[in-house]
Each structure stands twice: as structure tokens, then as C-alpha cells.
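In case you want the letters, here they are:
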Amino acid sequence: MSVEGRPGATVWFTGLSGSGKSTVARSLQACLGRQGRRTYVLDGDDLREGLNSDLGFSAEDRAENVRRVGEVALLLSRAEHLTLVTVISPYAAGREQVRRRHERSGVEFVEVHVATPLEVCEARDPKGLYRRARAGEIERFTGISDPYEPPVAPEVVLGTTGRTPEDCAAELLAHLAARRLADPEPAGSASRR
Ligand SMILES: Nc1ncnc2c1ncn2[C@@H]1O[C@H](COP(=O)(O)OP(=O)(O)O)[C@@H](O)[C@H]1O
Ligand SMILES: [Mg+2]
């Protein structure tokens, strides 16, 4: 148990590029920070610059990317952090492996499918990656030229279309509070936009 009386846990955001994983995780981190919880956002893009810089985008390398991120998340969560992981993690098998690793260690694993439809992600295209993938400049781009296997039984299916990131974060906070991993937001602030 943490000093706040709560154990760590891993909140695993999976979804297409541009679905909103990083944006919602940052917003949720801000909410949790206000509650005094220890949080860490483990972002797939950051890890690919360092720890995983030897990995590409083949099926094997994507699986290894997810395995390593899962191991780092487990370490942080065991050290009483709420660890918010934002990686596309396109393959169900890899996510299941990470879930089992957590279960065996007695650490809660909350899988959040950021279920923004491809068309919406592509219209957002925050980094211009879909445009480049369509132009053939990026190979093996998830959703375009590489598969995405949606989770079958995630703890949360999060819609983001037509909503603010803060509204999405509030939904997740309520879910974490119901699992006693966070405090509920005080009345009136949960729906603040
Ligand atoms: N409800 C929402 N939640 C998250 N992002 C949203 C939402 N509505 C619009 N967006 C926009 O969608 C984009 C999501 O990008 P990002 O968070 O980097 O996605 P990912 O990390 O999944 O690749 C951002 O430009 C963000 O402003
Ligand atoms: Mg991201």
C-alpha cells in the first residue's frame, strides 16, 4: 500500500495513432496529481527514442516494444505509481501477456480501449502521419497498412468523438475511483469542461 493508502496500478491505453491516448492520459494525470497521487505517463513515442530505439515496426519488434513497456510499467506500479501507459499496442496477444504479468504480480491492470474510429483519427492527424502513410512514405502504419486488433474485454471502452479530453479523463477518473484507485472528483468539478 502507498503512503496514501492505495497501491499502484497500470492504466493501459491502447488505440490507433491520433485516437487520443496521450492527450487523455495527460489530462487524467493532471486530475490525479491534484489528488496527490503519484503518477507517471509512459509514452510509447518517448520510449522508442531511448529504451526501444533498437526496435522497428515488424510484428516481432512491436511485440517486444509492448513487452518492454509492460515490464517498465510493472516496476513503476509496484513502486506505488498510477502508471498511465500510452502505446498503440496493436496486438491482443501482447496486451494479454502484459495483463498476465500484472496479475501474477498482484498489480491491477486497467485496459482502456481508446476507441476513436479510424476516420476520425485520420481527420485529426495531429502529427501528419496518416497523410504520410497514405502517400506511402511510412510502411506498416497501424490501421492503414498494419493491423489493429481491438481488445475483446477491456475494462473501459472510451469514446472521444465529439468530446473534450477533460470529459474523457473525468470518465476514467470515475472508473478508477470505483475501483478505489483514485478519489472521486468533488461534486461539480467532474463535468467541468
Ligand atoms: N476527446 C478527446 N480526447 C483526446 N484527444 C482529442 C479529443 N478530441 C480531440 N482530440 C485531439 O485528437 C488528437 C489526439 O492526439 P494524441 O493524444 O497524440 O493521440 P495518440 O496519443 O493516441 O496518438 C489531439 O490533437 C487532440 O487534441
Ligand atoms: Mg501518443
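Residues numbered from 1 in each chain as written. Chains lettered and ligands numbered in written order. Predicted model: local features only at pLDDT ≥ 70, side-chain atom pairs only at ≥ 80, totals over all residues. Heavy atoms only, no water.

Undergrad: Just checking my understanding: could you explain the pattern of salt bridges for this structure?
TA: As enumerated under the stated definition, the model contains 17 salt bridges in all. Close ionic contact of Arg132 with Glu137 constitutes a salt bridge, the shortest N to O distance being 3.6 Å. Sharing partners across several salt bridges, the network here consists of Arg95, Glu96, Arg99, Glu111 and Glu155. (Salt bridge = Lys/Arg side-chain N within 4 Å of Asp/Glu carboxyl O.)

Undergrad: Please explain helix H3 (residues 59–78) as it appears in this structure.
TA: Helical periodicity: at 3.6 residues per turn, an α-helix aligns residues three or four positions apart in one direction. The end-to-end C-alpha separation of H3 is 28 Å, in line with the 28 Å expected for 20 residues at 1.5 Å each. Among all positions of H3, only Arg62, Asn65, Val66, Arg68, Val69, Gly70, Ala73, Leu74, Leu76 and Ser77 are buried. Those residues of H3 that are buried are in contact with strand S1 (9–14), strand S2 (39–43), helix H2 (44–49), strand S3 (82–86) and helix H4 (92–105). Looking one or two residues beyond H3, the residue adopting positive phi is Glu80, at roughly 70 degrees. (Helix = DSSP H or I, 4+ residues; strand = E, 2+ residues; numbered from the N terminus. Expected span 1.5 Å × (residues − 1). Buried < 20%, exposed > 50% of the residue type's maximum accessible area, 1.4 Å probe, protein only. Contact = heavy atoms within 4.5 Å.)

Undergrad: Help me understand the packing of H3 against H4 in this model?
TA: A pair of packed helices can be characterised by two numbers: the angle between their axes and the separation between those axes. The interhelical angle for the contact between H3 and H4, taken along N-to-C directions, is 25 degrees, at an axis separation of 10 Å. Between H3 and H4, the crossing angle belongs to the class labelled roughly parallel. Seen from above, H3 lies across H4 with right-handed handedness. Touching Val66, Gly70, Glu71, Ala73, Leu74 and Arg78 of H3 are Gly94, Arg95, Val98, Arg101, His102 and Ser105, all from H4. Residues that form the contact of H3 with H4 fall into these classes: four nonpolar, four polar and four charged. (Axes fitted to C-alpha atoms, helices over the stretch in contact; angles between N-to-C directions. Parallel < 35°, antiparallel > 145°, perpendicular 65-115°, else oblique. Left-handed = near helix turned anticlockwise from the far one by under 90°. Nonpolar A, V, L, I, M, F, W, Y, C, P; charged D, E, K, R; others polar.)

Undergrad: What is the right way to read the site of ligand 1 from this model?
TA: Within the structure, ligand 1 sits among 16 residues, and Gly18, Lys21, Ser22, Thr23 and Arg163 are positioned closest to it. In the model, a nitrogen atom of ligand 1 is placed 2.7 Å from a nitrogen or oxygen of the Arg163 main chain. A distance of 3.5 Å separates a nitrogen atom of ligand 1 from a polar atom in the backbone of Pro165. For ligand 1, whose accessible area on its own is 570 Å², the fraction buried by protein is 78%. In terms of residue count, helix H1 (residues 21–34) provides more of the shell around ligand 1 than any other element does, four residues in total. (Near = heavy atom within 4 Å. Polar contact = N/O pair within 3.5 Å; in protein donor to acceptor, adjacent residues only side chain to side chain. Areas by Shrake-Rupley, 256 points an atom, 1.4 Å probe, with all protein chains shown as cover.)

Undergrad: How do you make sense of the side chain of His81 when you look at a structure like this?
TA: Turning to its location among the elements, His81 is positioned in the loop between H3 and S3. Note on His81: relative accessible area 16%, which makes it buried. Residues contacting His81, with those up to four places away along its chain left out, are Gly8, Ala9, Arg38, Thr39, Tyr40 and Leu76.

Undergrad: Would you mind going over unusual backbone geometry with me for this structure?
TA: Generally, phi is negative for residues other than glycine and the peptide bonds are trans, each holding for most cases. The backbone of Asp125 shows a phi angle near 35 degrees, a positive value even though the residue is not glycine. Checked against the element boundaries, Asp125 lands in the loop between helix H5 (118–124) and helix H6 (129–134). Its relative accessible area of 17% is what places Asp125 among the buried residues. For Arg180, which is not glycine, the phi torsion reads 60 degrees and is therefore positive. Along the chain, the position of Arg180 falls in the segment after helix H7 (165–178). Judged by relative accessible area, which is 68%, Arg180 ranks as exposed.

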